[in-house]
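# Observations on chain architecture
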Amino acid sequence: MALAAHNDTDGGGLKRRGLMLILSSPSGAGKTSLTRMLLQRPELDLTLSISVTTRPRRSSEVEGIHYEFITHKRFEQLRDEGELLEWAEVHGNCYGTPREPVERALAQGRDVLFDIDYQGTQQVKAKAGEDVVTIFILPPSMKELKSRLERRAEDSGEAIASRLANAANEIRRWRLYDYVLINDDLQKTFRELVAILTAERSRAVRQTPGIEAFVETLLSEK
Ligand SMILES: Nc1nc2c(ncn2[C@@H]2O[C@H](COP(=O)(O)OP(=O)(O)O)[C@@H](O)[C@H]2O)c(=O)[nH]1
Ligand SMILES: Nc1ncnc2c1ncn2[C@@H]1O[C@H](COP(=O)(O)OP(=O)(O)O)[C@@H](O)[C@H]1O
């Protein structure tokens, strides 16, 4: 599968390998808020992977922006036709990442942001190896997690209970991730995310072959 990407298109002539940035957390820890903050910064130049889901749409959500809301039948069709890069059942609903938009963005040398669970993270890591950077977001306490879910007031009592019941199982997966952040202060966590992105983008392994050409030019200067 052609998931590794080279950024051949930037006018400056420097080529950098694209990366896949995955954010995961138990429900309510803050990944949607952090994703929104990352996307509001055009200079970060991130493309969001928009998942398909069989979950009902929340009142705050917009079709095609937050998710594509689809039927179970359509989900099974996409999955069986190999149209999903990864998929998982989470809190009793099915979620999946459409393959084509991700491949297209990576082929254009763009970095892609994913808000997916640990099961999907494992599948993407198995397929794309070192081009994947994974970050797990923890809540400062279980009490705060519960009150964030209640304050968000977007889910039924039953849906909140199911999310809290799954939280411990999700939290135990933190070791699967490259980075772990505790989202106490939202602005601080955002700054930490940007720092990780900046550092990962600068890794030598992602600079080839662009940096080789740049170094050649440097060394040829009189
Ligand atoms: N594997 C996988 N998980 C997803 C995908 N989209 C969303 N999720 C995860 O599904 C879980 C539930 O998401 P959502 O219903 O939006 O609820 P929220 O986490 O409470 O905002 C979260 O852990 C998401 O990261 C996807 O395409 N694939
Ligand atoms: N650091 C934080 N401090 C206080 N409230 C937060 C913080 N991060 C997120 N929230 C709030 O908690 C709720 C859940 O956050 P959200 O981003 O929807 O979580 P997730 O996508 O992980 O389920 C939202 O109402 C959000 O505004």
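The rules behind these values
Residues numbered from 1 in each chain as written. Chains lettered and ligands numbered in written order. Predicted model: local features only at pLDDT ≥ 70, side-chain atom pairs only at ≥ 80, totals over all residues. UniProt positions renumbered as here; feature names shortened; annotations may be inferred. Helix = DSSP H or I, 4+ residues; strand = E, 2+ residues; numbered from the N terminus. Contact = placed C-beta atoms within 7 Å. Pairing = 2+ DSSP bridges. Axes fitted to C-alpha atoms, helices over the stretch in contact; angles between N-to-C directions. Near = placed C-beta within 6 Å. Nonpolar A, V, L, I, M, F, W, Y, C, P; charged D, E, K, R; others polar. Buried ≥ 20, exposed ≤ 12 C-beta atoms within 10 Å, placed from the backbone. Core = buried A, V, L, I, M, F, W, Y, C linked by C-beta atoms within 7 Å. Parallel < 35°, antiparallel > 145°, perpendicular 65-115°, else oblique. Left-handed = near helix turned anticlockwise from the far one by under 90°.

As a further point, take the UniProt feature "domain: Guanylate kinase-like" (unreviewed entry) in the protein. UniProt marks residues 18-198 with the feature "domain: Guanylate kinase-like" (unreviewed entry), using the numbering shown here. Taken end to end, residues 18-198 has its terminal C-alpha atoms 13 Å apart, with 43% of it in helix and 23% in strand.

Below, the discussion takes up the UniProt feature "binding site: ATP" (unreviewed entry) in the protein. Look at the UniProt record and you will see "binding site: ATP" (unreviewed entry) annotated at Ser25, Pro26, Ser27, Gly28, Ala29, Gly30, Lys31 and Thr32. In this structure, serine 25 sits in the loop between β1 (20-24) and α1 (31-39). Setting aside its immediate chain neighbours within four residues, serine 25 contacts Gly30, Lys31, Phe136, Ile137 and Leu138. Counting through the fold element by element, glycine 30 comes out in the loop between β1 and α1.

An order of β4-β3-β6-β5 is seen for the 4 strands of this open sheet, with the pairing classed as mixed. The open sheet has two edge strands with one neighbour each: β4 (68-69) and β5 (84-90). On the sheet, helix α3 (residues 99-107) packs against β5 and β6 (93-98) and is oriented at approximately 30° with respect to β6.

With that settled, the discussion passes to the site of ligand 1. For ligand 1, the set of nearby residues contains 19 residues, the closest of which are Ser27, Ser51, Ala88, Tyr95 and Gly120. When contributions to the shell around ligand 1 are tallied by element, the ones reaching two or more residues are β5, β6 and α4 (118-128). Among the residues forming the shell around ligand 1, the class breakdown is 4 nonpolar, 10 polar and 5 charged.

Turning our attention to the pairing of β5. Among the 7 residues that make up β5, 5 are buried, leaving the element largely enclosed by the rest of the structure. The hairpin turn running from β5 into β6, its antiparallel successor, is 2 residues long, and histidine 91 in that turn takes a positive phi close to 50°.

Next up on the list: the site of ligand 2. Taken together, 15 residues surround ligand 2, and among them Gly30, Thr32, Ser33, Arg148 and Leu186 come closest. Among the secondary structure elements, those contributing two or more residues to the shell around ligand 2 are α1 and α5 (142-152). Of the residues that constitute the shell around ligand 2, the class distribution is 2 nonpolar, 7 polar and 6 charged.

Now for the sheet that holds strand β7 (residues 111-115). Spatial strand order, β2-β7-β1-β8-β9: 5 strands in an open sheet with parallel pairing. Edge positions in the sheet fall to β2 (46-48) and β9 (179-182), since each of these pairs with one other strand and no more. Geometrically, the sheet is characterised by an average inter-axis angle of 25° between neighbouring strands, direction not taken into account. With 4 bridges connecting them, β1 and β7 associate as parallel partners. Among the inter-strand pairings, isoleucine 22 is bridged to a residue of β7, identified as phenylalanine 114.

Before going further, it helps to spend a moment on unusual backbone geometry. Excluding glycine, residues mostly carry a negative phi; peptide bonds, for their part, are mostly trans. Positive phi, normally seen in glycine, also occurs at aspartate 45, with a value near 55°. Along the chain, the position of aspartate 45 falls in the loop between α1 and β2. One non-glycine residue with positive phi stands out, namely alanine 153, at about 50°. Tracing the sequence through the fold places alanine 153 in the loop between α5 and α6 (157-171).

Side chains on a regular strand alternate between the two faces of the sheet. Burial within β7 is extensive, with 5 of its 5 residues counted as buried. Of the two faces of β7, the one carrying Asp111, Leu113 and Asp115 and the one carrying Val112 and Phe114 are both buried. With 3 bridges connecting them, β2 and β7 associate as parallel partners. Among the inter-strand pairings, threonine 47 is bridged to a residue of β7, identified as valine 112.

For the rest of this paragraph, the subject is the nonpolar core. Core analysis: the biggest nonpolar cluster contains 32 residues, and Met20, Leu21, Ile22, Val112, Phe114, Ile135 and Ile137 have the highest contact counts within it. Put simply, the parts of the chain that give this core at least two residues each are β1, β5, β6, α3, β7, β8 (132-138), α5 and α7 (186-201).

Let us now look at the packing of α5 against α6. Interhelical geometry of α5 versus α6 gives an angle of 155° and a closest axis separation of 11 Å. With respect to α6, the axis of α5 lies roughly antiparallel. Taken as a pair, α5 and α6 cross one another with a handedness that is right-handed. Two secondary-structure elements touch here, α5 through Leu145, Lys146, Leu149 and Glu150 and α6 through Ile160, Arg163, Leu164 and Ala167. Its residues placed into classes, the contact of α5 with α6 shows 5 nonpolar, no polar and 3 charged.

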